[in-house]
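# Summary of structural features
Here is what each chain is made of, one letter per residue.
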Amino acid sequence: MTRHSIIIYSLLLLFAMACSTSGRVDTMLLEAESLMMEHPDSALAILDSIRPSQLTSDRQRADYALLLTQARDKNFRFETDDSLISTAVAYFDEHPEPRKRTLAHMYRGILNLYRGNLTVAIKEALTALDLADRLNDDYIFAKTHELIADIYVAAYNFDKAITHRRLAADYYLRADKPLNNQYALVEFASLHNRIGQPETAIAMLDTLSIEIADSTFLGYYHETYLKPLLAIDQYDGAQRHSILAERFWGKETAELQNRPYTSYMYTLLNRPDSAEHYLQLERQYNPGWNNTEEYHWARSTLLIKRHDYEEAVEELQTMWTIHDKGVKEVLKNNVAFAVSEFHQGKAIAEHERADMYHAIAWLLTTIILIICFGFFIFYRERMKRKRLELENRMLEARELTARLLSLEDNTAALKSIAAEKDIRLREQTILVNQLFRDRYKVLNNLSNEYFEKRDSDATRLTIIKDVENEIAKIKHDDYLDQLKEIVDQCRDNILTRMQEQMPRFKENDITFCALILAGFSPRAICLIMDMKHGNYYNKWTRLRARIADSAAPDKEFFLTALNNKL
């Protein structure tokens, strides 16, 4: 065999291998596309197994870019780099395949929404909406309206977001996508809470017919109840739905869960340990926890509950810094400007296409008129936009100034509360000193008696009699009432709260608890209350069990205080 023949056969073999690899990649791409709707995790696994070096044509690279972006989004892997999907957009704009071209623009809009570039996001979304209208595909039409609603939510334009969310739900229903329809309706209800209508949001959620056995959706559905229920102070209902949400959600949906709001709920329920637990989970699962308003807001609320006002002020300042940064980003994007530019460009393009069919005799005159008219409109619209933009910026500046003044007022209020707490602490110190003076008075009396009569044969009998007299003084109702008043004030009104929340407790039980909290020993309590030493522990065990089994909101507080003094 000649050298020339060997070279020819080698080239043929390489070509055959390349064709074989290309055909296998096409098969894998088709399989991933077929699994995308029902099994996106399987589609993502197939796409991850394809090496970029195996993609031998522009068509394969475009299909791969579109499918991989879809699969990552459906598996909650929220990307912010649009370089991959831009490959698909460029290819399908030049080689039109209506459905894929629409999806490419839609997902490019989704990625720009994730990265906070609302101007590009709305342009891509409106392009996709226009293409979907020609395509007559209800599912893609619904997805595009859903994207536009998300963009308006990011721009704090909730009224427009509600309109597009309602359209998304309707088109999902027409496309026979019940799960997507339910998600859209839950979001639709949630938006009513954003505009200050929590009762409407709850009513909408209650009317939904939940017949879909999807754990992720059920978790999301129950968590959506939290904000409107807390807004109307229904804390128990919010906790019930939070528990149901956690029951359905697993670790794979950790990035979807609103743990800061759950922490806020437990702060309102006076359960600071649970509130701190959910803040720790947020720090564990959310790498960007320190850059979210909700985390610092929930943390400041918990710190205020714990009376740590200085750190609470720091958390509030951090929250407002993040909020102000987000407002500035929204101003930069100016979604309304992008919408106007898009429709204006579309109208001009259609007008220019219509002018192409005019007679040649009128062509030059028409072009001149269009240029003059367009320049006039552009100049007038530009002036309007500049004036509107200036007004919006002035309005935002006034709002930011008002927020700063509000923050300063809150800081002053916290300092005032701290001063009141200091005064209260001083008053409690006086009461405690009074209690100890009474105890030392008893000890001084006994010591004086012992010193005067220690050389007498009847010393022991006399001292015992004196002790009995002092115990009789302590057992007197006036002394016990004074003791309970001091304990109640020093212990954050524990006895008053116990009487209100434990109606089955008798006055004798309250006195028993007051003596324990005042620091009397078990034997001293037995002498004061005329009970045997064994009965003391029986009574203590019985009272503790009754508190633990009760529905008192402060039962953990009662048990902790009594256990620490036993």
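Model, not experiment: these values are computed from the prediction. (Residues numbered from 1 in each chain as written. Predicted model: local features only at pLDDT ≥ 70, side-chain atom pairs only at ≥ 80, totals over all residues. Heavy atoms only, no water.)

Let's shift gears to the overall build of the chain. Looking only at helices and strands, one finds 26 helices and zero strands in the chain. Looking at the 566 residues of the chain, the share that counts as buried comes to 39%. Of the contacts made within the chain by residues no fewer than 6 positions apart, 60% connect residues no fewer than 24 positions apart. Approximately 32900 Å² of the chain is accessible, and the part contributed by carbon and sulfur atoms is 55%. (Helix = DSSP H or I, 4+ residues; strand = E, 2+ residues; numbered from the N terminus. Buried < 20%, exposed > 50% of the residue type's maximum accessible area, 1.4 Å probe, protein only. Contact = heavy atoms within 4.5 Å. Areas by Shrake-Rupley, 256 points an atom, 1.4 Å probe, with all protein chains shown as cover.)

Before going further, it helps to spend a moment on the confidence of the model for the chain. Averaged over all residues, the pLDDT of the chain is 79; the fraction at 70 or higher stands at 79%. In the model of the chain, helix α18 (residues 335-355) stands out as the element of lowest mean pLDDT, 56, in contrast to helix α8 (residues 158-174), which has the highest, 92. Considering only residues more than four positions removed or in separate chains, one finds that residues 7-20, a stretch of pLDDT under 50, has one contact. (pLDDT = per-residue confidence, 0-100.)

On the surface, a cluster of nonpolar side chains totalling about 260 Å² of accessible area is made up of L363, I367 and I371. Looking at the element boundaries, I371 is found in helix α19 (residues 360-453). Residue I371 is classed as exposed on the basis of its relative accessible area of 54%. (Patch = residues over 30% accessible without salt bridge, like charges linked within 9 Å, V, L, I, M, F, W, Y side chains within 5 Å. Salt bridge = Lys/Arg side-chain N within 4 Å of Asp/Glu carboxyl O.)

Between its first and last C-alpha atoms helix α21 (residues 477-490) spans 20 Å; for 14 residues at 1.5 Å apiece the expected length is 20 Å, and the two agree. Of all the residues in α21, the buried ones are Y479, L480, L483, K484, I486, V487 and D488. Looking one or two residues past α21, D492 carries a phi angle of roughly 60 degrees, positive in sign. (Expected span 1.5 Å × (residues − 1).)

Turning next to the packing of helix α3 (residues 58-74) against helix α5 (residues 98-114). Contact geometry of α3 with α5 gives a least axis separation of 10 Å together with a crossing angle of 50 degrees. As summarised for this structure, α3 and α5 are arranged oblique, according to the angle between their axes. Crossing handedness for the pair α3 and α5: left-handed. Judged by residue contacts, R59, D63, L66, T69, Q70, D73 and K74 of α3 engage K100, L103, A104, Y107, I110, L111 and Y114 from α5. Of the residues assigned to the contact of α3 with α5, the class counts are seven nonpolar, two polar and five charged. (Axes fitted to C-alpha atoms, helices over the stretch in contact; angles between N-to-C directions. Parallel < 35°, antiparallel > 145°, perpendicular 65-115°, else oblique. Left-handed = near helix turned anticlockwise from the far one by under 90°. Nonpolar A, V, L, I, M, F, W, Y, C, P; charged D, E, K, R; others polar.)

What follows concerns the packing of aromatic side chains. Each aromatic ring pair is characterised by the separation of its centres together with the angle its planes make. Applying the stated criterion to the full structure yields 13 aromatic pairs. Between Y156 and F158, the ring centres sit 6.4 Å apart and the planes meet at 85 degrees, which makes this aromatic pair edge-to-face. Note on Y156: relative accessible area 40%, which makes it partly exposed. Judged by its relative accessible area of 14%, F158 is buried. Centre to centre, the rings of F512 and Y536 are 5.3 Å apart; their planes meet at 50 degrees, and the pair counts as tilted. Of this pair, F512 sits in helix α23 (residues 507-517) while Y536 sits in helix α25 (residues 533-549), and the two are 24 residues apart along the sequence. Classification of Y536 by relative accessible area gives buried; the value is 1%. It is R166 that lies over the ring of F188; its NZ or CZ is 5.1 Å from the centre. In this structure, K539 packs its charged tip against the face of F512, placed 5.6 Å from the ring centre. (Phe/Tyr/Trp six-rings, centres within 6.5 Å; stacked < 30°, edge-to-face > 60°. Lys NZ or Arg CZ within 6 Å of the ring centre and 35° of its normal.)

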